[in-house]
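Chains, contacts and geometry: an overview
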Amino acid sequence: MKNTAKNILLGLVLAALCVPMQAAAASPEASISPKRMADTLYTVILAHRTTYTELIVNRLSNVEEVIEVSEHWQDEQALLLPSQMFRATAELVQKENDLGFSYSLLSLWPVNSKNNAKTDIEKKGLQYIVDKKGENFYGEETLGDKKYFTAVYPDVAVSKACISCHNKHKDSPKKDFKLNNVMGGIVIRIPVDTK
Ligand code: HEC
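To start, this report covers the structure provided alongside it. (Residues numbered from 1 in each chain as written. Predicted model: local features only at pLDDT ≥ 70, side-chain atom pairs only at ≥ 80, totals over all residues.)

Helix and strand content of the protein: six helices and four strands. Along the chain direction, N to C, the helices and strands of the protein fall in the order α-α-α-α-β-α-β-β-α-β. A burial count over the protein gives 20% of its 195 residues as buried. Taking as baseline every contact in the protein between residues at least 6 positions apart, the subset at least 24 positions apart corresponds to 52%. (Helix = DSSP H or I, 4+ residues; strand = E, 2+ residues; numbered from the N terminus. Buried ≥ 20, exposed ≤ 12 C-beta atoms within 10 Å, placed from the backbone. Contact = placed C-beta atoms within 7 Å.)

The subject of this paragraph is the nonpolar core. Of all hydrophobic cores here, the largest spans 20 residues; its most connected members are Ala151, Val152, Ile186, Val187 and Ile188. Of all the secondary structure elements, the ones that give two or more residues to this core are strand E1 (102–106), helix H5 (120–131), strand E3 (146–156) and strand E4 (182–191). Once residues lying within four places of it in the same chain are set aside, the contact partners of Val187 are Tyr103, Ser104, Leu106, Glu122, Gly125, Thr150 and Val152. (Core = buried A, V, L, I, M, F, W, Y, C linked by C-beta atoms within 7 Å.)

Given below as structure tokens:
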């Protein structure tokens, strides 16, 4: 084999060896973008929301009819509404973690005033997902002395039950939701200036 060919071969072998070494060396420093982090959390949160709605609430209350689902679940020994389940877990996550991230199910027309948009970015994001149907909203905000990446994902009226319950609820400020309307959004907030 000629020297040049030998050198090329050696170079290729070294390059092949170096790739996994570099990957291994880089792993402790590996990072994830805030957007990817938010999208990842959203995937998990949505899977839990859907599973609770389909496999617990729909199955036990509508199909097998063994237990009711009710907003007043404590008094009526019933299942929590999916949105109440969502808020209960979100509040627990916020209380129990010191990573600084949080999530919530908010709306511009909330039944429960606790689910009102509070920050400018939340309001902007909720309006954006209503105006640009099918899109998510991504933004940044500073709260106190901390910077956050804030993502808002649409929560859509996928069934008649969503709109009929909200439209006739005494505390709902909006009474004309239609099927497939964006009723609110899942807001995920991730701190960006901490390690
Ligand atoms: C049986 C009544 C009922 C049904 C069905 C229902 N909701 Fe709700 N929804 C509520 C109540 C009550 C709340 C307030 C829960 C709380 O205390 O946080 C709520 C909260 C929400 C919120 C947070 C903002 C707010 O209004 O407080 C969104 C967004 C929402 N629901 C969307 C939906 C969607 C989408 C569906 C269908 C997949 C749905 N809801 C089905 C009663 C209902």
